Amino acid sequence: MARDLAAAAPRMPALVLGGGGAFGVIQAAYVHAALDRGFRPAVVVGTSVGALNAAWVAMHPDRPDELLHIWLKLDELKLLRLNPMRIAARLLRHPVSITANDLVPRLLDQHLAGATFEDTQIPLAVVATNLTRSRKHVFRSGSLRDAIIASTAIPGVFEPHEVNGELFLDGGLTASVDLATAVDMGATEILAIDLTPAPPTDTPKTALGVLRHSLGIMSHATTDAMQACLERQLPVRVLRPDLSRSSAWRMEDSAGAIAHNLKLARLELAAIFDSDGCLTSGVGSSLTPRPEPLPLAPSRFFHPRRHAG
């Protein structure tokens with residue numbers, strides 16, 4: 001009887017996009033590949049840069065090519081410019097951040113101007129951290145602009161963003177890959193893309209190295225524990241792309257990153273979707289793969305760079 005009720009329940013696939021700065025271009029390639037495989041999310045959850053990608057998917061679920069176009073225009077991107085004089089001057093005027101978050105508001109004004117959660121075609125949640133109350137906050141209504149700026153406010157780097165008299169920071173502090181919110185929104189299966197770099201295999205030799213290693217362990221352990229709990233109830237796949245060739249703080253070749261990661265994503269996703277675009281029930285299930293989509297011609301997105309030599 002319970003099995004019959006489960007079969008009759010509406011299918012609610014969720015796409016959960018984690019934070020990771022300039023790694024967002026890699027995430028966008030994986031999103032494109034998932035949609036090519038027939039995956040159609042009914043719920044989208046995003047944290048930090050994942051909130052930017054999630055908002056586009058929720059607003060324009062049938063236009064993933066345009067999301068890649070947006071990332072291509074960000075070639076030579078640097079999220080943080082370490083100019084000691086400028087940083088010192090800013091800290092005198094704004095002691096809680098070392099630089100302004102100019103990029104995210106500019107992107108929102110160009111591509112999602114005036115949009116609200118109520119305008120999305122797919123239900124969307126944007127995850128931020130409420131600094132005033134010291135807890136996770138999930139935006140589900142109102143201005144997309146405010147929610148995404150709040151979710152991308154990297155602590156110490158960008159200034160906390162004020163919404164309704166309270167201060168908010170990057171959602172990655174409380175839920176980098178927020179599987180729990182997807183379940184709260186009714187998800188029956190979850191595809192998540194985690195942009196947290198894997199902890200290094202070598203022993204760290206500096207204080208900064210120990211801190212970076214520790215944060216990587218903490219983030220992965222939290223997501224792994226949540227995934228292990230949820231897998232008893234529903235199909236959950238947390239993809240962790242290879243980030244070794246890229247930086248979270250800068251992007252030097254968006255075209256190359258997209259082409260490389262589309263290829264990797266298609267290979268990885270072929271093993272976890274069935275022919276209807278549903279997540280398979282078990283890791284490594286051997287189901288007949290969906291026919292491979294036509295190759296993406298590079299000219300659809302960019303003109304290949306010419307290298308001297």
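Quick caveat: nothing in here was measured; it's all calculated off a predicted structure.

Quick word on the side chain of Gln227
By the element assignment, Gln227 lies in helix α10 (residues 207-230). Sequence-distant contacts of Gln227, that is, excluding residues within four places in its chain, are made with Leu179, Val236, Arg237 and Val238.

Description of unusual backbone geometry
Unlike most non-glycine residues, Ser48 shows phi in positive territory, near 55°. Here Ser48 shows up in the loop between β2 (43-47) and α3 (49-59). Despite not being glycine, Ser134 shows a phi value in the positive range, around 60°. Checked against the element boundaries, Ser134 lands in the loop between β4 (124-130) and β5 (135-139).

A few points about the environment of Ile217
Considering the arrangement of structural elements, one finds Ile217 in helix α10. As a C-alpha pair, Ile217 and Thr196 span 21 residues in sequence and 9.6 Å in three-dimensional space.

Examining the pairing of strand β7 (residues 166-170)
Among the 5 residues of β7, 4 are classified as buried, and the element is accordingly described as predominantly covered. Note that β4 and β7 share 3 bridges and pair antiparallel. Bridged to Asn130 within β7 is Phe168. The sheet contact formed by strand β6 (residues 161-163) and β7 spans 3 bridges and is antiparallel. Paired with Val163 across the two strands is Glu166, which belongs to β7. In sequence, β6 turns back onto β7 through a hairpin of 2 residues, with Asn164 there showing a positive phi of about 50°.

Let's talk about the packing of helix α4 (residues 64-72) against helix α11 (residues 254-269)
Taken N-terminus to C-terminus, the directions of α4 and α11 make an angle of 140°; their axes are 9 Å apart at the nearest point. Note that α4 runs across α11; the crossing there is right-handed. Contacts between α4 and α11 involve Leu68, Trp71 and Leu72 from the former and Ser254, Ala255, Ile258 and Leu262 from the latter. In terms of residue class, the contact of α4 with α11 is made up of 6 nonpolar, 1 polar and no charged.

Structural notes on the pattern of salt bridges
All chains considered together, the criterion is met by 8 salt bridges. A salt bridge links Glu189 to Arg11; the nearest nitrogen and oxygen atoms lie 2.9 Å apart. Of this pair, Glu189 sits in strand β8 (residues 189-193) while Arg11 sits in the loop between α1 (2-8) and β1 (13-17), placing them 178 residues apart in sequence. With relative accessibility at 6%, the residue Glu189 sits in the buried group. A salt bridge links Arg63 to Glu66; its shortest N-O distance comes to 2.8 Å. Taking the relative accessible area as the measure of exposure, Glu66 reaches 32% and is therefore partly exposed. Salt bridges here are not isolated pairs; linked through shared partners, they connect Asp194, Asp224 and Arg240.

Observations regarding the nonpolar core
Formed by 62 residues in total, the largest nonpolar core has its most connected members in Leu124, Phe139, Ile148 and Leu191. Ignoring anything within four residues of it in the chain, the contact list for Leu191 reads Ala14, Leu15, Val16, Ala34, Phe39, Arg237, Leu239, Ile272, Phe273 and Leu279. Of all hydrophobic cores here, the second largest spans 18 residues; its members include Val127, Ala182, Met185 and Ile190.

Here's the deal with the packing of aromatic side chains
Pairs of aromatic rings are described using the distance from one ring centre to the other and the angle between the two planes. Per the stated rule, a full pass over the model turns up 2 aromatic pairs. Considering the side-chain rings of Phe39 and Phe273, the 5.4 Å spacing of their centres and the 35° angle between planes classify their relative orientation as tilted. Here Phe39, found in the loop between α2 (24-36) and β2, pairs with Phe273, found in the segment after α11; they are 234 residues apart in sequence, far enough to count as distant. Across the pair, exposure class does not vary: Phe39 and Phe273 are buried alike. Both rings, one in Phe139 and one in Phe168, keep their centres 5.2 Å apart while their planes meet at 55°; by these two values the pair is tilted. Residue Phe139 is found in strand β5, and its partner Phe168 is found in strand β7; the two are separated by 29 residues along the sequence. On the basis of relative accessibility, which here comes to 8%, the residue Phe139 falls in the buried class. Take Phe168: its relative accessible area is 2%, and that puts it in the buried class.

Parameters and conventions
Residues numbered from 1 in each chain as written. Predicted model: local features only at pLDDT ≥ 70, side-chain atom pairs only at ≥ 80, totals over all residues. Heavy atoms only, no water. Helix = DSSP H or I, 4+ residues; strand = E, 2+ residues; numbered from the N terminus. Contact = heavy atoms within 4.5 Å. Buried < 20%, exposed > 50% of the residue type's maximum accessible area, 1.4 Å probe, protein only. Pairing = 2+ DSSP bridges. Axes fitted to C-alpha atoms, helices over the stretch in contact; angles between N-to-C directions. Left-handed = near helix turned anticlockwise from the far one by under 90°. Nonpolar A, V, L, I, M, F, W, Y, C, P; charged D, E, K, R; others polar. Salt bridge = Lys/Arg side-chain N within 4 Å of Asp/Glu carboxyl O. Core = buried A, V, L, I, M, F, W, Y, C linked by side-chain atoms within 4.5 Å. Phe/Tyr/Trp six-rings, centres within 6.5 Å; stacked < 30°, edge-to-face > 60°.

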